[in-house]
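# Per-entry structural report
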Amino acid sequence: MIAEIFRIVTENPTQLIGWAIMGGLLVQVGLLVTAGAQRALFERQRAQQEQVRLALEIKAARLKIQAVETEKTAWNGIRKFTVAQKVKEAEDTFSFYLEPHDRKPLPQFKPGQYLTFALNIPGSAKQVVRCYSLSDIGRRTHYRVTIKRCLPPPKTEHPPGVGSSFFCDTVQAGDIVDAKAPNGHFFLDMEKPRPVVLISGGIGVTPMVTMANALTEAGDTREIWFFFGARNSTDHMFKTYMTEIAAKNPNVHMQVCYSKPLPTDVKGRDYQHEGRVTVDLFKALLPSNNYDYFLCGPGPFMESITSDLTAWGVPDAWVHFEAFGPASVKKKAPAKTADAGAPAATAVEVTFAKSGKKVLWDGSHDSVLALADEHGVKIDAGCRAGGCGSCVVAIKSGAVEYAGAPPEVEAGSCLSCICKPKGALVIDA
Ligand SMILES: Cc1cc2nc3c(=O)[nH]c(=O)nc-3n(C[C@H](O)[C@H](O)[C@H](O)COP(=O)(O)OP(=O)(O)OC[C@H]3O[C@@H](n4cnc5c(N)ncnc54)[C@H](O)[C@@H]3O)c2cc1C
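First things first, this report covers the structure right here in the doc. Quick caveat: nothing in here was measured; it's all calculated off a predicted structure. (Residues numbered from 1 in each chain as written. Predicted model: local features only at pLDDT ≥ 70, side-chain atom pairs only at ≥ 80, totals over all residues. Heavy atoms only, no water.)

## Comments concerning the sheet that holds strand β12 (residues 319-322)
As summarised here, the arrangement of the 6 strands in space is β10-β9-β8-β7-β11-β12, forming an open sheet in which the pairing is parallel. At either margin of the open sheet sits one strand with a lone partner, and together these are β10 (273-274) and β12. Across the sheet, helix α4 (residues 205-217) is in contact with β7 (196-201), β8 (224-230), β9 (252-258) and β11 (292-296); its angle to β7 comes to roughly 150 degrees. (Pairing = 2+ DSSP bridges. Helix = DSSP H or I, 4+ residues; strand = E, 2+ residues; numbered from the N terminus. Contact = heavy atoms within 4.5 Å. Axes fitted to C-alpha atoms, helices over the stretch in contact; angles between N-to-C directions.)

Given below as structure tokens:
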């Protein structure tokens, strides 16, 4: 090779000069092309960064406008609502369309939040406070809640639930009800673009309908899995809605389970699966476990789903739940009564003065209210999240603590649903 080059140089020096010029030119062109490509890449990156910056600015402006509007239209205390419409959704289940009596615009709320009603029920000595999730997104002119009659526990003679029966039997279109502003910590963060699994049993479907509506009406195309469990078509509420939302939105995967289908119920038309909603079903249908999970339903349903999700490797931070009743989703260690042996080192005595019960708080309950529930001490409760104020009880001695900032509550009282005893405690319950 070297000998060949030497031969060309000695025999034909002009050819070599030509090659050298050509080579130089090629290098120049190469450098120009590379510099041009680099500049184009740089410009593209700058344009992309600018797009992201603009999108963030638009989002921040939108959130600011929403916050200002919500603040302008929010209300403190009670606001009067006229029942514009009462619609039967399933057996013993009705939707109530509520228009503000003052006709002023309503604030937006986060999908999953609830209204707290203060009900003056004939025959009840005091006001009955109950929370009901908003079952549709905010429409500025009206809200919607959907209420199922709370039946007595099986094989008991107790009357059905006071608040839900009042809504189902007595409240009619044209009536006026009192409600506090939307509230609650269980909601879908619309700005977090994660695919979601919305899981519900029975009336627990109400916040899920709002979440699905909020996403689809915003044109959000993230993957949405909607699992709903009912006994059969008699309590399959929002059936038409569920069929339509899945038909119109290819990103919505609707999966309805009937635990006891009627002979007239048709698989594939009325429901997709016979049996209950379970994590095994998720494993069979979902491509992975990488979702945000929202669940609401009866206590045992939520307990089994949350523990099976954990066993499937789903981190707690991805699982969000709302309990409609006293059943707590966390598993509780049985508390010991004060005279049942020596207390654990950290245990403190809680006395429910009116009921004459002394029990030990061993740290395994979420709140003083949960401890009271377990020992059959009746304390009125609504939201169980510190929002509605119906579980306030007087402290006779001792003190309580709260996980976050202490709520606004009268001195000498506590919000029993979110407080824990700080040493021995005596409360008026
Ligand atoms: C955040 C939140 C959101 C909610 N959203 C909804 C919703 O969207 N839709 C909905 O329908 N519900 C919802 N709920 C539940 C609702 O707030 C009420 O808890 C429910 O309607 C029952 O209230 P009630 O007054 O009808 O029953 P209660 O009068 O409180 O009775 C409860 C149960 O106790 C039984 N009972 C009566 N007397 C006795 C007795 N002596 N001993 C033992 N048991 C007895 C009753 O038969 C009934 O089963 C929600 C709850 C929360 C906390």
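Now that the structure has been shown, we can carry on.
## Some thoughts on the nonpolar core
Nonpolar side chains tend to gather and get buried jointly when the protein is soluble and globular. Of all hydrophobic cores here, the largest spans 28 residues; its most connected members are L198, V205, M208, F226, F228, M242 and F294. Sorting the residues of this core by element identifies β7, α4, β8, α5 (239-248), β9 and β11 as the ones contributing at least two each. Take this core: its biggest share by element is 6 residues, from α4. Apart from residues no more than four positions distant in its own chain, M242 is found in contact with V205, F226, F228, H236, M237, M254 and V256. (Core = buried A, V, L, I, M, F, W, Y, C linked by side-chain atoms within 4.5 Å. Buried < 20%, exposed > 50% of the residue type's maximum accessible area, 1.4 Å probe, protein only.)

## With respect to α5
Of the positions making up α5, those classed as buried are Y241, M242 and I245. In an axial view of α5, the angular spread of the buried residues amounts to 100 degrees, which keeps them on one side of the axis. α5 presents T240, T243 and A247 as exposed residues on the side facing more than 90 degrees away from its buried surface. Of the surrounding elements, those touching the buried residues of α5 are α4, β8 and β9. (Arc of directions from axis to C-beta.)

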